[in-house]
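# Residue-level structural notes
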Amino acid sequence: MKTTFTYDDYYTYATLEEHLQFFASTYPQVCQLESLLVTPKGRHVYAVTLSIGDPAAKPAYYIDGNTHAGEVTGSMAAMHTIDYLLTNMDSDPKIHALLERVTIYVIPRLSPDGAERYLTSAYSLRSVDRPYLSKTQQPGLYEEDMDQNGIIAMMRVPSPYGAWKKDPHNEAVMIKRAPDDLEGEFYQVYAEGCVEGEVTNPLKVAPALWGLDFNRNYPFGWYTENRQPGAGPYPLSNPENKAVVDFVLSHPNIGGVATHHTNGGIILYPPGTQSSSKASKKDMRFFREIGAMGTEEMGYGCINIFDSFFTDQEAYSSGAFDDWCYQSQGIPAYTIELWDLEVRSGCGCPWPVPKEPKTTAQKAEDYARILAWCQENAPEAILPWRHFDHPQLGDVEIGGFDFKMTYQNPPRSFLCQEVEKATRFTLRMAATVPCLKITNLKQYQVGEDVWKIELSLANTSYLPTYVSDMLMELKLPHAIEVKLETEAEIVMGEKCQTIERLEGYGCIPTDYSYGAKIRTNNYEPIEKTISWVVKAPSGTSVSIAIDSPKAGHLKTGCTL
Ligand SMILES: [Zn+2]
């Protein structure tokens, strides 16, 4: 896929900003860059608007990335999509048509502070490097790059009570001590790190200093810290979360959302707070059918969060963006978990969550498979165990592999293929949003200075003009308003008429049925005609304004 920039390394903030500014200055008619927020560390949360023509007058699709600091593949995917659209819009008629029809909003890096810390240090963190529950590091073992190789790996500490031992067949692999394993060398395995305060016995692991989780801070299904770590003191307490919500609310034309995360190689759809069996069947079918395009493009399955992703359906975590979009705004939203190291290394896809958890022996095999994959495909990520004279713990061994750039994100040589897949799916998804079209406008004389005006409107897309049953249930604005503006006297028909809804072709109840017969069942209109009778001399002009919250704003007119 042709792009202006390369996608074989992760962008620091400076590069991301430079590329965004390049796009905005090179394509000023199509690409607008705005800052939604200056973070506490002085970085911008940028939003990009891509549109040929007035962005607010069209249906829109929204993409974001990097809600979680370490999931930098997500922001690379969002950047790739912007780049691909702009680079090819003049040469590829399909892209040109998409940008004419649909506005695309992109917030490529929702947590620039968190991502920068992740990319420029050895640390891993959830969303952002701001102290959360405590202002200072609490006592205990905390993650630190002790051997200064730029990577926080694992640390095996010899202990007679150790729960782990070296695999006798492959000392790079740690295996669990068997229930009858009484003789031998045993280890506790920790993250590479050092101890704040006293070295205790047993060694205490300190809580993370930077524990905020932006995907637990949205104002739908929010719970407190005791239930979902990183929740924050109240919904939208993080300025980044508030900026995103304000952005979505101030762009009511958004009819579809993709939020990029890592990892797993799975496409998730809401609800995440109850079973999909309790949600609208039609909406769930939309999610599955649109998601199937993701499976085609990415090779990733598409599953419901609550039914197939969560391991705990009682004390599940929520307050996530996709649920807020769908369950409080009626906007179909997908969380795309990019990158699938487990599948690639032969461990199988962890989702849908299997009925029986893997055995310890199976997990050990998986660990060995992951190491073998890294050895073959990203040897730089392998960290052979090495003795290290730890200032607090004495002789320990540090090793394992670079989790950040193998498991959490693709090794750099695999990044481009991953973001290309994401772009292909999101652009197909963007084409599903409802879109109004005037299919007929005619006026004819029915008496002396009396005219009948007829207007037909259709929705040309898969999704209906109300986007989801959920939006209707939430009683959010969805009706199409058609307003006649003229000097003529209106004899019949209201000046302002309302079309409650137009279905999309995705609403038609039809399928392969018994006997391989195909039948289209009755469906609600996709196209409707409204009319007025007006009285005015010939030559009077009439204009018509059509406004749909999700399917666009159109203007037309005629002369009597
Ligand atoms: Zn995530």
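The shown structure was predicted, so the numbers you read here are calculated from the model rather than taken from an experiment.

Conventions we followed
Residues numbered from 1 in each chain as written. Predicted model: local features only at pLDDT ≥ 70, side-chain atom pairs only at ≥ 80, totals over all residues. Heavy atoms only, no water. Helix = DSSP H or I, 4+ residues; strand = E, 2+ residues; numbered from the N terminus. Buried < 20%, exposed > 50% of the residue type's maximum accessible area, 1.4 Å probe, protein only. UniProt positions renumbered as here; feature names shortened; annotations may be inferred. Contact = heavy atoms within 4.5 Å. Axes fitted to C-alpha atoms, helices over the stretch in contact; angles between N-to-C directions. Left-handed = near helix turned anticlockwise from the far one by under 90°. Nonpolar A, V, L, I, M, F, W, Y, C, P; charged D, E, K, R; others polar. Donors = N, O, S within 2.8 Å, 3.2 Å for Na, K, Ca; no water. Tetrahedral: all angles 85-135°; square planar, octahedral: opposite > 155°, others 65-115°. Pairing = 2+ DSSP bridges. Domains from an automatic or database assignment. Buried area = accessible area lost by both parts, 1.4 Å probe. Salt bridge = Lys/Arg side-chain N within 4 Å of Asp/Glu carboxyl O. Polar contact = N/O pair within 3.5 Å; in protein donor to acceptor, adjacent residues only side chain to side chain.

### With respect to unusual backbone geometry
- A cis amide bond links Thr-262 to the next residue, Asn-263, at an omega of 0°.
- The topology assignment puts Asn-263 in the loop between β11 (254-262) and β12 (266-269).
- In this model, Leu-236 sits at a positive phi of 65°, which is unusual for a non-glycine residue.
- As for its placement among the helices and strands, Leu-236 is situated in the loop between β10 (193-196) and α5 (239-249).
- Positive phi, normally seen in glycine, also occurs at Asp-449, with a value near 60°.
- Along the chain, the position of Asp-449 falls in the loop between β17 (436-447) and β18 (450-459).
- Given a relative accessible area of 29%, Asp-449 falls into the partly exposed group.

### Remarks on the UniProt feature "active site" (unreviewed entry) in the protein
- With numbering aligned to this structure, UniProt lists the feature "active site" (unreviewed entry) at Glu-337.
- With respect to the helices and strands, Glu-337 occurs in strand β14 (residues 333-338).
- Setting aside residues up to four positions removed in sequence, Glu-337 forms contacts with His-261, Thr-262, Asn-263, Gly-264, Gly-265, Ile-266, Leu-268, Tyr-300 and Phe-309.

### Description of the packing of helix α2 (residues 72-88) against helix α12 (residues 412-430)
- Viewed as axis vectors pointing N to C, α2 and α12 meet at an angle of 65°, and their least axial separation amounts to 8 Å. When the axes of α2 and α12 are compared, the crossing they make is right-handed. On the side of α2, the interface is formed by Thr-73, Met-76, Ala-77, His-80, Thr-81, Tyr-84 and Leu-85, while α12 contributes Leu-415, Glu-418, Val-419, Glu-420, Ala-422, Thr-423, Thr-426 and Leu-427.
- The class makeup of the residues in the contact of α2 with α12 is 8 nonpolar, 5 polar and 2 charged.

### Focus: the coordination of the zinc ion
- Every protein donor of the zinc ion is accounted for by His-68 (ND1), Glu-71 (OE), Glu-71 (OE) and His-261 (ND1), and the metal-donor separations fall at 2.0 to 2.6 Å.
- Here the zinc ion is ringed by 4 donor atoms whose angles at the metal span 55 to 149°, and the overall shape comes out irregular.

### Observations concerning the pairing of strand β22 (residues 510-513)
- Sheet topology note: the β22/strand β23 (residues 517-520) ladder contains 4 bridges and is antiparallel. Of the residues in β23, the one forming a bridge with Tyr-512 is Ile-518.
- Where β22 hands over to β23, the hairpin turn is made up of 3 residues, of which Gly-515 adopts a positive phi near 80°.

### Describing the domain arrangement of the protein
- By domain assignment, the protein separates into domain 1 (13-120 + 213-339 + 409-430), domain 2 (140-209 + 355-404) and domain 3 (436-559).
- Spacing between the C-alpha centres of domain 1 and domain 2 amounts to 34 Å.
- Every contact between the two is made by 6 residues of domain 1 and, on the other side, 5 residues of domain 2.
- With both sides pooled, the region where domain 1 packs onto domain 2 buries about 470 Å², and carbon together with sulfur makes up 58% of that total.
- Across the domain 1-domain 2 interface, the total number found is 0 salt bridges.
- Joining domain 1 to domain 2, the criterion identifies 2 residue pairs in polar contact (both at pLDDT 80 or more).
- Of the residues that constitute the side of domain 1 that touches domain 2, the class distribution is 4 nonpolar, 2 polar and no charged.

### Describing the sheet that holds β17
- An order of β17-β18-β24-β20 is seen for the 4 strands of this open sheet, with the pairing classed as antiparallel. At either margin of the open sheet sits one strand with a lone partner, and together these are β17 and β20 (489-492). Going across the sheet, the axis of each strand differs from the next one's by a mean of 30°, ignoring polarity.
- Looking at chain direction, β18 and strand β24 (residues 527-535) are connected through 9 bridges and run antiparallel. The residue bridging Leu-457 from the neighbouring strand is Lys-528, located in β24.

### Notes on the sheet that holds strand β3 (residues 60-65)
- One open sheet holds the 8 strands; their spatial order is β1-β2-β4-β3-β11-β14-β12-β13, and the pairing between them is mixed. Looking along the sheet, the strands with just one partner apiece sit at the ends: β1 (31-38) and β13 (301-304). Averaged over all pairs of adjacent strands, the angle between strand axes in this sheet comes to 20°, irrespective of strand direction.
- Note: β1 against strand β2 (residues 44-50), 7 bridges, orientation antiparallel. Counted as the bridge partner of Val-38 is His-44 from β2.
- Contacts from α12 reach β3, β4 (103-107), β11, β12 and β14 within the one sheet, and its direction differs from that of β14 by about 170°.

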